[in-house]
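Each chain is listed here by its residues.
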Amino acid sequence: MSKSYYEFFCPVKVVAGHMALEHIPFELAALGAKRPMIITDKGVRVNNLLVPIEAAFIDAESVISAIFDEVPPDSSLQTVRAAAQLYRENNCDAIIAVGGGSVIDTSKGVNILVSEGGDDLLKYSGAHNLPRPLKPFFVVPTTAGTGSEVTAVAVISDTEKSIKMPFASYYLMPNAAVLDPRMTQTLPPHITAMTAMDALTHAVEAYTCLAHNPISDAYATAAIKKISENLIFVLDNPKDANGRLELAQASTMAGIAFSNSMVGLVHSIGHATGAVAHLPHGLAMSLYLPYVLEYNIDTNGDRIADLLLHLAGAEVYAATPAKERALKAIQVIRNMRDTLYDRTKLPRTLQETGKVEKSQLADIAKKAIDDGSIIYNPKEANLKDLKAILEKAWG
């Protein structure tokens with residue numbers, strides 16, 4: 001079925017490859033920036049991931065004017081204010097985020113404050129509340145998972161009120177995403193697995209949910225192919241630069257896909273599980289993906305069947321009778337999860353996580369029904385349906 005109307009938008013420049021970091025000073029200069037601030041976390045700094053970035057500035061006209069490395073695993077309002085203060089004290093004129101999802105979200109928040117002035121982030125929360133473009137902003141991802149380097153959204157915690165505040169604006173999109181395999185070579189196996197499954201879920205939901213379009217389909221299917229061909233290889237060869245670059249590109253492509261086509265029920269249940277049981281997002285994605293696809297199969301089995309080609313390759317696809325392809329695609333994802341469990345102990349069921357109580361399932365289902373992603377799921381789901389999916393995922 002062809003779309004009668006859709007929009008596709010990705011203004012983020014992608015700078016990717018084996019010497020991508022060395023291009024940062026040039027890209028900054030093109031935007032008129034000379035005094036960037038790096039925002040990162042302790043883990044990135046301890047693993048010496050800033051060293052090649054700092055080296056890139058040795059002969060450059062621009063200079064790294066400040067480094068903020070206090071970003072916690074869950075980004076917070078206090079952190080955003082502290083980083084904005086450091087930016088102002090050092091007369092910075094651009095931001096380089098070096099890290100995973102929390103660092104990128106924090107940096108988006110900092111960019112709002114240093115561009116708009118003041119300390120009140122709350123007045124910009126919600127959708128499209130930013131009046132103008134922000135300061136030059138580059139993202140150097142150190143995981144291959146969230147896709148935040150190409151999205152227009154950020155989530156920042158208000159720890160005093162225990163709520164997560166969403167921000168959405170096209171102005172939050174970075175000017176450039178810099179993908180360099182050196183930044184993910186030290187990722188531990190379980191984080192490599194978890195973040196890749198996060199990216200795979202973005203791509204699968206982008207392709208199988210209601211708002212997909214022909215351009216997002218191209219990004220989504222390419223991302224699925226890259227992850228299925230490279231994830232296990234990278235776990236066996238963690239320092240392989242080409243494999244790492246493939247996973248980084250897949251994550252970015254999946255991010256571009258889902259920010260144009262939205263996600264569905266895997267994300268609704270995953271967000272709810274994060275809120276109730278503090279399960280890491282990537283783990284929740286990996287855990288729920290096959291169960292939601294099974295739930296959706298009688299509504300969009302043809303779309304799920306298409307995935308088999310990208311998950312398993314042309315020979316498997318051709319050898320599988322058309323009516324069996326959707327189930328086979330789900331089986332390939334299950335097999336992938338089994339392999340990841342064997343290699344990295346990445347849980348496949350809620351029970352295996354050891355972090356979720358069976359008594360919490362009802363609460364997770366309640367929160368999931370109110371999550372915005374549910375409206376893009378191809379098959380409607382009520383509370384009873386969600387509880388049934390959660391029972392299956394319990395293990």
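Every value quoted in this text rests on a predicted model; they were computed, and no experiment measured them.

How each quantity is defined
Residues numbered from 1 in each chain as written. Predicted model: local features only at pLDDT ≥ 70, side-chain atom pairs only at ≥ 80, totals over all residues. Heavy atoms only, no water. Phe/Tyr/Trp six-rings, centres within 6.5 Å; stacked < 30°, edge-to-face > 60°. Helix = DSSP H or I, 4+ residues; strand = E, 2+ residues; numbered from the N terminus. Buried < 20%, exposed > 50% of the residue type's maximum accessible area, 1.4 Å probe, protein only. 1 Å grid on protein atoms, 1.4 Å probe; cavity = no way out; pocket = protein on both sides within 12 Å on 5 of 7 lines; lining within 4 Å. Points joined across faces, edges and corners; volume = space filled by probe spheres on them. Nonpolar A, V, L, I, M, F, W, Y, C, P; charged D, E, K, R; others polar. Pairing = 2+ DSSP bridges. Axes fitted to C-alpha atoms, helices over the stretch in contact; angles between N-to-C directions. Contact = heavy atoms within 4.5 Å. Salt bridge = Lys/Arg side-chain N within 4 Å of Asp/Glu carboxyl O. Expected span 1.5 Å × (residues − 1). Arc of directions from axis to C-beta.

On inspection of all chains with the given rule, the structure shows 2 aromatic pairs. A ring pair is formed by Phe 8 and Tyr 219, whose centres lie 5.6 Å apart and whose planes are at 20°; its orientation type is stacked. One end of the pair, Phe 8, is in the segment before β1 (13-16); the other, Tyr 219, is in helix α7 (residues 214-236), with 211 residues separating them in the sequence. With relative accessibility at 24%, the residue Phe 8 sits in the partly exposed group. Relative accessible area serves as the criterion here: at 29%, Tyr 219 is assigned to the partly exposed category. Here Phe 9 and Tyr 170 contribute two aromatic rings whose centre-to-centre distance is 4.7 Å and whose plane-to-plane angle is 65°, an arrangement assigned as edge-to-face.

All right, on to the environment of Asn 237 then. You can see Asn 237 is positioned in the loop between α7 and α8 (241-261). Separated by 52 residues in sequence, Asn 237 and Gln 185 place their C-alpha atoms 9.7 Å apart.

Right, let's talk about empty space enclosed by the protein for a bit. Unfilled space is identified by rolling a water-sized probe across the atoms. Scanning all chains against the criterion turns up 2 cavities of 30 Å³ or more. Of the pockets and cavities examined, the largest cavity occupies roughly 40 Å³. Considering the residues around the largest cavity, the lining is formed by Pro 141, Thr 143, Ala 144, Glu 149, Val 178, Leu 179, Asp 180, Thr 184, Ala 248 and Ser 251. Residue assignment for the lining of the largest cavity shows that the elements contributing at least two residues are β9 (176-179) and α8. The residue makeup of the lining of the largest cavity, split by class, is 5 nonpolar, 3 polar and 2 charged. Empty space within the second largest cavity amounts to approximately 30 Å³.

Sheet architecture is open: 6 strands sit in the order β1-β9-β6-β4-β2-β3, paired in parallel fashion. Because the sheet does not close on itself, it has two edges, and the strands there are β1 and β3 (66-68). Adjacent strand axes in the sheet meet at a mean angle of 20°, parallel and antiparallel pairs treated alike. As judged from the 2 bridges shared by strand β6 (residues 137-141) and β9, these two strands associate in the parallel manner. Along β9, the bridge assignment pairs Val 139 with Ala 177. Lying over the sheet, helix α5 (residues 101-116) contacts β2 (36-39), β4 (94-99) and β6, oriented at roughly 165° with respect to β4.

Working definition: two side chains of opposite charge can pair if their charged atoms are close together. Tallied over the full model, the rule gives 19 salt bridges. For Glu 229, the salt bridge is made with Lys 225, and the minimal N-O distance between the two is 3.0 Å. Placement of both Glu 229 and Lys 225 in helix α7 is noted, with a separation of 4 residues, approximately one turn of the helix. As a salt-bridge pair, Arg 343 and Asp 236 come within 2.5 Å of each other at their nearest N and O atoms. Here the residue Arg 343 occupies a position in helix α12 (residues 325-344), and Asp 236 occupies one in helix α7, the gap between them amounting to 107 residues. Given the relative accessible area of 42%, Arg 343 is considered partly exposed. Beyond isolated ion pairs, a larger network of salt bridges with shared partners links Lys 42, Arg 45, Asp 69 and Glu 70.

Another aspect to go through is helix α15 (residues 383-394). Residue pairs three or four apart in sequence face the same way in an α-helix, which turns once every 3.6 residues. If you check α15, its first and last C-alpha atoms are 16 Å apart, about what 12 residues at 1.5 Å a residue would give, namely 16 Å. Of all the positions in α15, only Leu 386, Ile 389, Leu 390, Ala 393 and Trp 394 are classed as buried. Down the axis of α15, the buried set is contained in an arc of 145°. They therefore lie on one face. Seen from the open side of α15, the exposed residues pointing more than 90 degrees away from its buried face are Lys 384 and Lys 392. In this fold, the buried residues of α15 make contact with α9 (265-277), α10 (281-312), α13 (350-353) and α14 (361-369). Once α15 finishes, Gly 395 follows within two positions and takes phi at roughly 110°, a positive value.

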